[in-house]
Amino acid sequence: MKIKFLDLKKQYESIKNEIDSAIFSVLDDTAFIGGKFVTSFEESFSDYLGVKHCIGVASGTDALSIAIESLELPKGSDVIVPANTFIATPEAVTRNGYNVVFCDIDPDNYTLSIDDLEKCVNEKTSAIIAVHLFGHPCKMDSILEITKKYNLKLVEDCAHATGSEYEGMKVGCFGDLAAFSFNPGKNLGAYGDAGAIVTNDSVLAQRCRLISNHGRHDKYNHIIQGRNSRLDGIQAAILSVKLNYLDACVERRIEVADYYLGKLKGISQIILPRREEWAKEAYHLFVIRAEKRDLLQRFLAEKGIETGIHYLVALPKQKAYSYLALNREFLANDFDDKLLSIPIGDQLTDSELKFICDSIKEFYSAA
Ligand SMILES: *Cc1c(COP(=O)(O)O)cnc(C)c1O
């Protein structure tokens, strides 16, 4: 049985007619950058999340970077990010000239460890980026308590968590700003690079819009120096179609996760992700910690099952951050030879799920 980690082709085919006609409407209208398809998606997406403003940008990486830039944090200040995330998160800090401080992760849900977070705060700290990693929401109440206590700004990195909820509210509503990625592999994926910033603060919203469009007030007047990071019409039109299917996609992912949590429960060599009662997870990824991870991954590959690793080398150990000379121990460092992402796409069939679970069991019973 061949099981893809992510089957974009199958996903496209299931909504091909709608997608194709959305693309052709943009061609007809030549609304290639910005324009009515972008405005319409921005409105639907902010309604979906329950936030006031949405600014479409060119990628999730840009969304994070522009969000941080818009906060105008004190020069030379520290921004805290989790030690296990994609490198785009700390890049948003360092590319804007701030210092990155890695915070350890919670072993149950892989998001910011609340204990370590407070220890990371010092007089130079100006902001926190909370990453809802794998689609698991961060413990927002505790994080907001810390941002209030120390007067810190908060940006949410929602790249993995479009559709996730914390205490019944969509993630992206809690921070000063939040960044979303619509990379094709994400839960709400475009057909190329795309991203968005959301916020309830109209001053920040306006600043993000200016930064993303050359600081333009109108065609010839530039209020600040900005950059070129805008959402394309074709991507926006595709996203508007796919947004209608997002809730169904999240529900199916939760069903798949339920299945895994039930079937893989008894295996002592793996640690399953914990489900918190305050969280609704969009399950961008289903990540287990597995003994003999590399052998298991190879065994599954031989059976035709594709898996992923998020992430193979924890950020504090990356060469890009060797200049920080971090000599403290991170749980994130210890986990990176155990993490394994098994397929979770909403296109998976029940028989594929059964095959995946049976294969994992077979590996450990033979071992
Ligand atoms: C994908 C991702 C990003 C960046 O998004 P792009 O759209 O690929 O630029 C940022 N943060 C995390 C955690 C991601 O997984």
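Scoring rules and cut-offs
Residues numbered from 1 in each chain as written. Predicted model: local features only at pLDDT ≥ 70, side-chain atom pairs only at ≥ 80, totals over all residues. Heavy atoms only, no water. 1 Å grid on protein atoms, 1.4 Å probe; cavity = no way out; pocket = protein on both sides within 12 Å on 5 of 7 lines; lining within 4 Å. Points joined across faces, edges and corners; volume = space filled by probe spheres on them. Helix = DSSP H or I, 4+ residues; strand = E, 2+ residues; numbered from the N terminus. Nonpolar A, V, L, I, M, F, W, Y, C, P; charged D, E, K, R; others polar.

Novice: Explain the layout of surface pockets to me, and be specific about the residues and the numbers.
Specialist: To find leftover empty space, a probe the size of one water molecule is rolled over the atoms. Its boundaries defined by the atoms lining it, the largest pocket holds a volume of some 510 Å³. Around the largest pocket, the lining comprises 32 residues; the ones closest to its centre are H160, N183, K186, H284 and Y311. Where the lining of the largest pocket is concerned, the elements lending two or more residues are α4 (60-70), α5 (88-94) and β8 (177-181). Of the residues belonging to the lining of the largest pocket, the class tally is 14 nonpolar, 14 polar and four charged. Considered as a void within the structure, the second largest pocket measures approximately 220 Å³ in volume. Surrounding the second largest pocket, 18 residues form its lining, I3, K4, F5, L6 and D7 being those nearest its centre. The residue inventory of the lining of the second largest pocket, partitioned by class, reads six nonpolar, four polar and eight charged.

Novice: So what's going on with empty space enclosed by the protein? Which residues, and what values?
Specialist: One pass over the structure, following the stated rule, counts one cavity of 30 Å³ or more. Taken as a whole, the largest cavity spans an internal volume of roughly 80 Å³. What lines the largest cavity is D108, N109, Y110, L133, F134, H136, P273, R274, E281, Y283, L285 and V287. For the lining of the largest cavity, the residue count by class is seven nonpolar, two polar and three charged.

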